[in-house]
Amino acid sequence: MASSSSRGEMEKMGIEQLKTLKEQADLEVNLLQDSLNNIRTANVRLESAAAALNDLSLRPQGKKMLVPLTASLYVPGTLDDADKVLVDIGTGYFIEKTMEDGKDYCLRKINLLKSNFDQLFEVAAKKKSVADEATMVLQGKVRQLQAATKS
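Residues numbered from 1 in each chain as written. Predicted model: local features only at pLDDT ≥ 70, side-chain atom pairs only at ≥ 80, totals over all residues. Heavy atoms only, no water.

1. Let's talk about the overall build of the protein chain
Then, number 1: Along the backbone of the protein chain there are three helices and four strands.
Then, number 2: Along the chain direction, N to C, the helices and strands of the protein chain fall in the order α-α-β-β-β-β-α.
Then, number 3: For a compact globule of 151 residues, the expected C-alpha radius of gyration is about 15 Å, and the protein chain comes in at 26 Å, more than 25% above that figure.
Then, number 4: Overall, the protein chain is about 90 × 30 × 25 Å in size when its C-alpha atoms are taken along their principal axes. (Helix = DSSP H or I, 4+ residues; strand = E, 2+ residues; numbered from the N terminus. Rg over C-alpha atoms; globule rule 2.2 N^0.38 Å.)

2. Concerning the nonpolar core
Then, number 1: Residues Leu 46, Leu 53, Leu 56, Val 85, Met 99 and Cys 106 are the most contacted members of the largest nonpolar core, which totals 18 residues.
Then, number 2: Residue assignment for this core shows that the elements contributing at least two residues are helix H2 (15-58), strand E3 (84-90) and helix H3 (99-150).
Then, number 3: If we ignore the near neighbours within four places in the chain, the residues touching Leu 46 are Cys 106, Lys 109, Ile 110 and Leu 113. (Core = buried A, V, L, I, M, F, W, Y, C linked by side-chain atoms within 4.5 Å. Buried < 20%, exposed > 50% of the residue type's maximum accessible area, 1.4 Å probe, protein only. Contact = heavy atoms within 4.5 Å.)

3. Notes on the packing of aromatic side chains
Note on aromatic pairs: each is described by the distance of the centres and the angle between the planes.
Then, number 1: Taken as a whole and judged by the stated rule, the model has one aromatic pair.
Then, number 2: Judged by centre distance (6.3 Å) and plane angle (20°), the ring pair of Phe 117 and Phe 121 falls under stacked. You can see Phe 117 and its partner Phe 121 sitting in helix H3, four residues apart, about one turn around the helix.
Then, number 3: For Phe 121, a relative accessible area of 48% translates into the label partly exposed. (Phe/Tyr/Trp six-rings, centres within 6.5 Å; stacked < 30°, edge-to-face > 60°.)

4. Observations concerning unusual backbone geometry
Then, number 1: Its identity is not glycine, yet Thr 91 carries a phi of approximately 45°, on the positive side.
Then, number 2: When its relative accessible area of 75% is taken as the criterion, Thr 91 is described as exposed.

5. A closer look at the pattern of salt bridges
Two side chains carrying opposite charge are able to pair once their charged atoms lie near each other.
Then, number 1: Taken as a whole, this structure holds eight salt bridges when the rule is applied.
Then, number 2: The closest approach of N and O atoms between Glu 100 and Lys 103, which form a salt bridge, is 3.7 Å. One end of the pair is Glu 100 and the other is Lys 103, both in helix H3 and three residues apart, which spans about a single turn. (Salt bridge = Lys/Arg side-chain N within 4 Å of Asp/Glu carboxyl O.)

6. Quick look at the pairing of E3
Then, number 1: Sheet analysis places E3 next to strand E4 (residues 93-98), joined by six bridges and oriented antiparallel. Paired with Lys 84 across the bridge in E4 is Thr 98.
Then, number 2: Hairpin connection from E3 to E4: two residues lie between these consecutive antiparallel strands, with Thr 91 at a positive phi of about 45°. (Pairing = 2+ DSSP bridges.)

7. Remarks on H2
Then, number 1: In this model H2 runs 64 Å from its N-terminal to its C-terminal C-alpha over 44 residues, within 8% of the 64 Å that 1.5 Å per residue would give.
Then, number 2: Considered for burial, the residues of H2 that qualify are Leu 18, Ala 25, Val 29, Leu 32, Leu 36, Ile 39, Asn 43, Leu 46, Ala 50, Leu 53 and Leu 56. (Expected span 1.5 Å × (residues − 1).)

So, in structure tokens, the structure goes:
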């Protein structure tokens, strides 16, 4: 929850300032949620890649298989050397690694993403708390204003 000092600061703000604060906090929460979803997607892809590497390491040399060119396009191929793999390191760059180094790369990236996810989740929760607090203070001020205008 937001600290009592931030609520006290919010109580001193005008309605327009509170609306602006709430809109800004909501926008930041939405952006953080998008980032969290992107991290989840990347994590799923890396886990899939790690599983594929494990599966590939168990296949014998000369094994016929389908090679994915895109998510929906596969071509027939033959496994030549299962100990060397190409690892996509981002923005279209690939490096050749041993199978073990490729697995290690995937695991390190998965751990990094999990750490980033946890940190972003904490920030998003704090921003959501600020937005909720601003909403409550804003509703209270609007009620006070309505009660004052009825009197």
